[in-house]
Amino acid sequence: MFIEINDLCKSYHTGEIETVALKNASLSLEKGKTGVILGPSGSGKSTLMNILGGIDRADSGSVKVDGIEITVLSDDGLAEYRRAKVGFIFQSYNLIPHLTVAENIEVIENISKNPVPLDEVLKAVGISDKKERFPRELSGGEQQRVSIARAIVKNPDLLLCDELTGALDYVSALDVLSLIQNISRRFKTTVLIITHNAAIADMADLVWKLRNGEVLDTIVNNTPADAKEIVW
Ligand SMILES: Nc1ncnc2c1ncn2[C@@H]1O[C@H](COP(=O)(O)OP(=O)(O)OP(=O)(O)O)[C@@H](O)[C@H]1O
Ligand SMILES: [Mg+2]
């Protein structure tokens, strides 16, 4: 298994109040497969992804990625794990406002071991003609594409996508999903997509339903759809 998460627990404390974000969550996914996490707002989806991506820590439980138990890594070890293995597409795009499109992507390219060439990435996400623009000169969908370009330029083993399509119209959303699917097929990238949109589960090999921090249901899909054929 490429991802193996077992009995993951995480609570947040704000003042006196404890919020249980994950309760004994377990899931696993093979290399090159696509998993979708479905669940209502507040069900723990981003928390799970952040722990898997090494930007937050669990209270207990085990998270193995490509054989590495990441819960026991030091802060430096986690940073190295993120750098070497993980591409993030965040719920907010997190672009650097004073850098151009090309520069936003190069920041990541420059620290990557096996980057995909910049021009290839720009072409893949369909913004080759916008590489000298600044984020504020782009539409929301175009900014989303830059954030995807940044995640894939490092050719990560694991691509984590939080609400990939929430801000996009239907046609752009299908374009973006199809792009992710092509990347996964081409580079054997393991992909995890978080969404509120149950239709997106059609393109997944595995679907987990999260509710109140618990994995309620695991659905295996032996015939994942082409992203372009998804309808909602
Ligand atoms: N830094 C934090 N401090 C305190 N509570 C938090 C923090 N981050 C998340 N939570 C709480 O943990 C729970 C799970 O949050 P999480 O962000 O994982 O939900 P989500 O499923 O991603 O929701 P959404 O679909 O709205 O993005 C929520 O109740 C949330 O309020
Ligand atoms: Mg979230």
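Residue positions are given per chain, counting from 1 as you read along its sequence in written order. Chains and ligands are labelled sequentially in the order written, the chains with letters from A and the ligands with numbers from 1. Thresholds applied to this predicted model are a pLDDT of at least 70 for local features of residues and 80 or more for the giving and counting of side-chain atom pairs; totals over whole chains, interfaces and linings are not thresholded and use all residues. Hydrogens and waters are ignored; side-chain quantities use all the structure's heavy atoms.

## Quick word on the packing of aromatic side chains
In this description, an aromatic ring pair is defined by two values, namely the gap between the centres and the angle between the planes. Here a Phe, Tyr or Trp ring, Trp counted by its six-membered ring, pairs with any other such ring whose centre lies within 6.5 Å, and the pair is stacked when the planes are under 30 degrees apart, edge-to-face when over 60, and tilted otherwise. Evaluation of the coordinates by the stated rule reveals two aromatic pairs. Ring centres of Phe88 and Phe90 lie 4.8 Å apart, and the angle between their planes is 10°; on these two criteria the pair is classed as stacked. Since its relative accessible area comes to 15%, Phe88 is described here as buried. Categorising residues by exposure relies on relative accessible area from a 1.4 Å probe, with only protein chains included: less than 20% of the type maximum marks a residue as buried, more than 50% marks it as exposed, and the intermediate range marks it as partly exposed. By relative accessible area, which is 25% here, Phe90 ends up partly exposed.

## Topic: the sheet that holds strand 10 (residues 214-220)
Judged by pairing direction, the sheet is mixed, and its six strands sit side by side in the order 6-7-8-3-9-10 without closing on themselves. Edge positions in the open sheet fall to strand 6 (86-89) and strand 10, since each of these has one partner strand only. Across the sheet, the mean angle from the axis of one strand to that of its neighbour is 15°, orientation sign disregarded. Pairing of strand 7 (residues 158-162) with strand 8 (residues 190-195), which is carried by five bridges, proceeds in the parallel orientation. Within strand 8, the position partnered with Asp162 by the bridge is Ile194. When checking whether two residues touch, look at their non-hydrogen atoms; a contact exists if any pair is within 4.5 Å. Angular values range over 0 to 180 degrees, each being the angle between N-to-C directions of two axes fitted as lines to C-alpha atoms, with helices fitted over their stretch in contact. Secondary structure elements follow DSSP: runs of H or I of four or more residues count as helices, runs of E of two or more count as strands, with numbering from the N terminus. Its contacts with the sheet put helix 1 (residues 45-52) on strand 3 (34-38), strand 6, strand 7, strand 8 and strand 9 (206-211), and the angle it makes with strand 7 is roughly 155°. Docked against the sheet, helix 6 (residues 170-187) engages strand 3, strand 6, strand 7 and strand 8, running at close to 160° with respect to strand 8. Strand pairing is defined by DSSP finding a minimum of two bridges between the two strands.

## Quick look at the sheet that holds strand 5 (residues 68-69)
Spatially, 2-1-4-5 is the arrangement adopted by the four strands of the open sheet, whose pairing is antiparallel. The sheet is open, and its two borders are formed by strand 2 (17-29) and strand 5, each paired with just one other strand. Here strand 4 (residues 60-65) runs beside strand 5; their pairing, made up of two bridges, is antiparallel. The partner of Lys64 across the bridge, within strand 5, is Glu69. Of the strands in this sheet, strand 1 (3-14), strand 2 and strand 4 are in contact with helix 1, which crosses strand 1 at around 115°.

## A short note on the nonpolar core
Formed by 42 residues in total, the largest nonpolar core has its most connected members in Ile148 and Leu177. Those elements giving two or more residues to this core turn out to be strand 3, helix 3 (101-109), helix 4 (118-125), helix 5 (140-152), strand 7, helix 6 and strand 8. The element contributing the most residues to this core is helix 6, with seven residues. In this view, Leu177 contacts Leu164, Thr165, Ile193, Ile200, Met203, Ala227, Ile230 and Trp232; residues no more than four positions away in its chain are not counted. If you look at the next biggest cluster of nonpolar residues, it comprises 27 residues, including Leu52, Leu78, Tyr81 and Leu192. By nonpolar core is meant a set of buried Ala, Val, Leu, Ile, Met, Phe, Trp, Tyr and Cys residues that side-chain atoms within 4.5 Å join together.

## Remarks on the packing of helix 3 against helix 5
With their axes 8 Å apart at the nearest point, helix 3 and helix 5 run at an angle of 25° to one another. The pairing of helix 3 with helix 5 is recorded here as roughly parallel in orientation. Judged by the sense of rotation from one axis to the other, the crossing of helix 3 with helix 5 is right-handed. Residue-level inspection shows Val101, Asn104, Ile105 and Ile108 of helix 3 in contact with helix 5, the latter providing Val146, Ala149 and Arg150. Of the residues that constitute the contact of helix 3 with helix 5, the class distribution is five nonpolar, one polar and one charged. The scheme is simple: roughly parallel for angles under 35 degrees, roughly antiparallel for over 145, roughly perpendicular for 65 to 115, oblique for anything else. By definition, turning the near helix anticlockwise from the far helix through less than a right angle yields a left-handed crossing, and turning it clockwise yields a right-handed one. Nonpolar residues are Ala, Val, Leu, Ile, Met, Phe, Trp, Tyr, Cys and Pro. Charged residues are Asp, Glu, Lys and Arg, and all others, Gly as well, are polar.

## Considering the site of ligand 1
Near ligand 1 lie 14 residues; those nearest to it are Ser41, Gly42, Lys45, Ser46 and Thr47. By the criterion applied in these results, polar contacts are pairs of N or O atoms within 3.5 Å in which, for protein atoms, one can donate a hydrogen and the other can accept it, and in which residues neighboring in sequence qualify only through two side-chain atoms. Ser41 places a side-chain nitrogen or oxygen 2.5 Å from an oxygen atom of ligand 1. With respect to ligand 1, the backbone of Ser43 contributes an N or O atom lying 3.2 Å from an oxygen atom. Expressed as a share of its isolated accessible area of 630 Å², the protein-covered part of ligand 1 is 66%. Among the secondary structure elements, those contributing two or more residues to the shell around ligand 1 are strand 1, strand 2 and helix 1. Ranked by residues supplied to the shell around ligand 1, first place goes to helix 1 with three residues. Proximity is defined per residue: any heavy atom of the residue falling within 4 Å of a molecule or strand makes that residue near it. Surface accessibility in these figures is a Shrake-Rupley result with a 1.4 Å probe; residues are shielded only by whichever protein chains are displayed.

## Quick notes on the pairing of strand 10
As paired strands, strand 9 and strand 10 are joined by six bridges and run antiparallel to one another. Among the inter-strand pairings, Lys209 is bridged to a residue of strand 10, identified as Asp217. Here strand 9 hands over to strand 10 after two residues, with Asn212 in that stretch at a positive phi of 50°.

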